[in-house]
Amino acid sequence: MDAQSSAKVNARKRRKEATGPNGATEEDGFPSKVARRAFGLREPAPFSDEIEVDFSKPYVRVTMEEASRGTPYERPVRVYADGIFDLFHSGHARALMQAKNLFPNTYLIVGVCSDELTHNFKGFTVMNENERYDAVQHCRYVDEVVRNAPWTLTPEFLAEHRIDFVAHDDIPYSSAGSDDVYKHIKEAGMFAPTQRTEGISTSDIITRIVRDYDVYARRNLQRGYTAKELNVSFINEKKYHLQERVDKVKKKVKDVEEKSKEFVQKVEEKSIDLIQKWEEKSREFIGSFLEMFGPEGALKHMLKEGKGRMLQAISPKQSPSSSPTRERSPSPSFRWPFSGKTSPSSSPANLSRHKATAYDISEDEED
C-alpha cells in the first residue's frame, strides 16, 4: 500500500475512532477533527524569510509515534520537502500532497533550489528560479516556501526551520559526490518516505518536446514567434512553412473525405429508413387489399349479398301448394229478373228443375 492510500486509511480510522490530538477522545474535551493549517488554500504560501519566528521558545522534535498519533493544534508536525520543481506538474503536486498527509496535523515546508545550485549539480532548467518559486507557492498543499534551499540538508538548516521530518521518495538520490544525499537524514530517524508518480516527470516532458521539436517549432512560428526567437535557421523556417501549407491541404482533403463519408452515411441511413417505411406501407397495403379482394374478402361477401337480393327481387317466392283448402261460401240466392221472388234453394231437385226450365226456354227462343 502506498503512502497516499495509507494516509487515507489512517484518516478514516481516526474519524471512526473519534480521537483528538495525542490520541485524546471527545470525552477528554478535544474535538474529533483537527483543523488543517491551510495558507495555500486561499492565498499563495508565504516565503520563510517573510515569516517572523519566535526563537526564544525552545524547539523539541516530536517522535514518529507522537506525530502519527496526532499532535495538538498549536504544535503541528513540521515536514520539509525539497526539489527543483522545474515544469511543475502533477507528479510534483502528488508528492507534496503525500507529504502534507503524512500526519494528522502537518505543516508543510517546501524548499526550492536556486538556478545556480541546480545548474551546477543537475543541469539547465526550463523555468528560472522565480517561476519555480511561484509555481510551488500556488500549490494548495504548501504552507511555507524556502527560497534558495540548500542542496544538502545540514543540522543548522534543520534547526533554523525547526524541521521534524524530511519527506522524499525512498529511491537513493545520488548527487554532489554522495550515493544518497538523504542518508544522514534516514540514519537520524527523520526521513518520511513518499511514492513517485510513474509516467510523469520533468525529464519525460522535456523528452517529448525534443522528440516533437519540429511540430512545436512550426506551432510557435504560426503563433507569431520569429525564427530567431526559436533558434531556427532560414532554411528550416521555409521548410516548416512549406510543411504547414502541405498539412493544411491534407487537413482540407481529410475534412472533405470525412464530410463525404458523413453524407454517404446519412444517405444510407435515410435510404434504409425509406425502405423500412416502404416495406411497412406495402405490408399494410397488401393486407388491406387481401381483406377487400381476397378469397374471403369483404368484396366477395358484398357480391354474394347483392346477388341474393337481385335473385330474390327477380323471382319472388311462390305460395306453397300445400296451403289449406278454403271452404266455399254458399252461393247467394238467385233472383229472377223482373221478379221480386228469390230463387228456390239450391237443392239437387231444384237444380235439375232449373236446368229443365232453362232448356225449354232455349228451345222456344230457337223456334
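Since we're looking at a predicted model, the values are computed, not measured.

Engineer: Looking at this model, I keep getting lost on the overall build of the chain. Mind explaining?
Structural biologist: Each helix and strand in the chain was counted, giving 13 helices and 5 strands. The burial tally for the chain puts 28% of its 367 residues in the buried class.

Engineer: What should I look at first to understand the environment of H184 in this one?
Structural biologist: Turning to its location among the elements, H184 is positioned in helix α8 (residues 183-187). Sequence separation between H184 and P155 is 29 residues, and the spatial gap between their C-alpha atoms is 9.9 Å. Ignoring any residue separated from it by four or fewer positions in sequence, one finds H184 in contact with T152 and L153. Among the polar contacts listed, one links the side chain of H184 to the backbone oxygen of L153, at a separation of 2.7 Å.

Engineer: Would you mind showing me how to read the layout of surface pockets here?
Structural biologist: Over the atoms rolls a probe the size of a water molecule, and in doing so it shows where empty space is left. Empty space within the largest pocket amounts to approximately 880 Å³. The wall of the largest pocket is formed by 36 residues, among which H92, K122, H168, Y173 and R196 lie closest to the centre. Looking at the lining of the largest pocket, the elements with two or more residues in it are β1 (77-83), α4 (90-100), β4 (165-169) and α9 (202-211). It is α4 that provides the largest number of residues to the lining of the largest pocket, a total of 5 residues. Broken down by class, the residue content of the lining of the largest pocket amounts to 17 nonpolar, 14 polar and 5 charged.

Engineer: Would you mind going over a negative patch on the surface with me for this structure?
Structural biologist: There is a patch of like negative charges on the surface, built from D255, E257, E258 and E262. Structurally, E258 can be placed in helix α11 (residues 234-293).

Engineer: What am I meant to see in a positive patch on the surface here?
Structural biologist: Residues K238, R245, K248 and K252 make up a contiguous surface patch of positive charge. If you trace the backbone, K252 turns up in helix α11.

Engineer: Whenever I open this one, the pairing of β1 confuses me. Can you help?
Structural biologist: Consecutive side chains along a regular strand alternate between the two faces of the sheet. Along β1, 7 of the 7 residues are buried, which leaves the element largely enclosed by surrounding structure. The alternating pattern of β1 places V77, V79, A81 and G83 and R78, Y80 and D82 on opposite faces, both of which are buried. As paired strands, β1 and strand β2 (residues 106-112) are joined by 7 bridges and run parallel to one another. Within β2, the residue paired with D82 across the bridge is G111.

Engineer: Is there a simple way to explain the environment of A227 in this structure?
Structural biologist: By the secondary structure assignment, A227 is in the loop between α10 (213-222) and α11. The exposure class of A227 is buried, given its relative accessible area of 10%. Residues A227 and A217 lie 10 residues apart in sequence; the distance between their C-alpha atoms is 8.7 Å. Excluding its chain neighbours within four sequence positions, the residues that come into contact with A227 are L221, V232 and E237.

Engineer: What is the right way to read a nonpolar patch on the surface from this model?
Structural biologist: On the surface, F285, I286, F289, L290, M292 and F293 cluster together to form a nonpolar patch covering roughly 630 Å² of accessible area. Along the chain, M292 falls in helix α11.

Engineer: Explain the packing of α10 against α11 to me, please; I cannot follow it from the model alone.
Structural biologist: Two packed helices can be described by the angle between their axes and the distance between those axes. At a minimum axis distance of 10 Å, the contact between α10 and α11 shows a crossing angle of 90°. In terms of axis orientation, α10 runs roughly perpendicular to α11. Taking contact as the criterion, the partners of Y213, D214, A217, R218, L221 and Q222 in α10 are, on α11, Y240, H241, Q243, E244, D247 and K248. Of the residues belonging to the contact of α10 with α11, the class tally is 4 nonpolar, 3 polar and 5 charged.

Engineer: In this structure, what is going on with the confidence of the model for the chain? I would like to understand it.
Structural biologist: A low pLDDT means the predicted coordinates there should not be read in detail. Of all residues in the chain, 72% attain a pLDDT of 70 or more, and the chain-wide mean is 78. Contacts of residues 13-31 to residues separated by more than four positions or lying in other chains number 29 contacts, the stretch itself having pLDDT below 50.

Definitions and limits used
Along each chain, residues carry numbers from 1 onward, in the same order as the chain's sequence is written. Reporting of local features is limited, given that this is a predicted model, to residues whose pLDDT is at least 70; pairs of side-chain atoms are given and counted only at 80 or more, and all residues count toward the totals for whole chains, interfaces and linings. Side-chain numbers come from the whole structure's heavy atoms, not from hydrogens or water. The numbering of helices and of strands both runs from the N terminus, where a helix is a DSSP run of H or I of at least 4 residues and a strand a run of E of at least 2. Partly exposed describes any residue whose relative accessible area lies between the buried limit of under 20% and the exposed limit of over 50%, with all areas from a 1.4 Å probe on protein chains only and scaled to the type maximum. Whether two residues are in contact is decided by their heavy atoms, any of which lying within 4.5 Å being enough. Polar contacts, as counted here, are pairs of nitrogen or oxygen atoms within 3.5 Å of one another; within protein the pair requires one atom able to donate a hydrogen and one able to accept it, and residues that are adjacent in sequence qualify only if both atoms are side-chain atoms. Both site types are read off a 1 Å grid over the protein atoms alone. A 1.4 Å probe that fits but cannot get out defines a cavity, while an open set with protein on both sides within 12 Å along at least five of seven lines defines a pocket; lining residues have an atom within 4 Å of a point. Grid points are joined across faces, edges and corners, and a volume is the space filled by probe spheres set on the points. Ten residue types, Ala, Val, Leu, Ile, Met, Phe, Trp, Tyr, Cys and Pro, are classed as nonpolar, four, Asp, Glu, Lys and Arg, as charged, and the remainder, Gly among them, as polar. A patch consists of residues whose relative accessible area exceeds 30% and which take part in no salt bridge; residues with like charges are grouped when within 9 Å of each other, and nonpolar side chains (Val, Leu, Ile, Met, Phe, Trp, Tyr) when within 5 Å. To be clear on the numbers: accessible area is Shrake-Rupley with a 1.4 Å probe, and residue cover counts the displayed protein chains and nothing else. The term salt bridge refers to a pairing of a side-chain nitrogen on Lys or Arg with a carboxyl oxygen on Asp or Glu at a separation within 4 Å. Neither His nor the chain ends is counted toward charge; the positive residues are Lys and Arg and the negative residues Asp and Glu. In this description, the location of a charge corresponds to atom NZ of lysine, CZ of arginine, CG of aspartate or CD of glutamate. Pairs of strands are assigned from DSSP output, requiring at least two bridges between the strands. Think of each axis as a best-fit line through the C-alpha atoms, taken over the contacting stretch in the case of a helix, with angles from 0 to 180 degrees between the N-to-C directions. Convention used here: angles under 35 degrees read as roughly parallel, angles over 145 as roughly antiparallel, angles from 65 to 115 as roughly perpendicular, and any remaining angle as oblique. One number per residue, pLDDT, summarises how confident the predictor is, and it ranges from 0 to 100.

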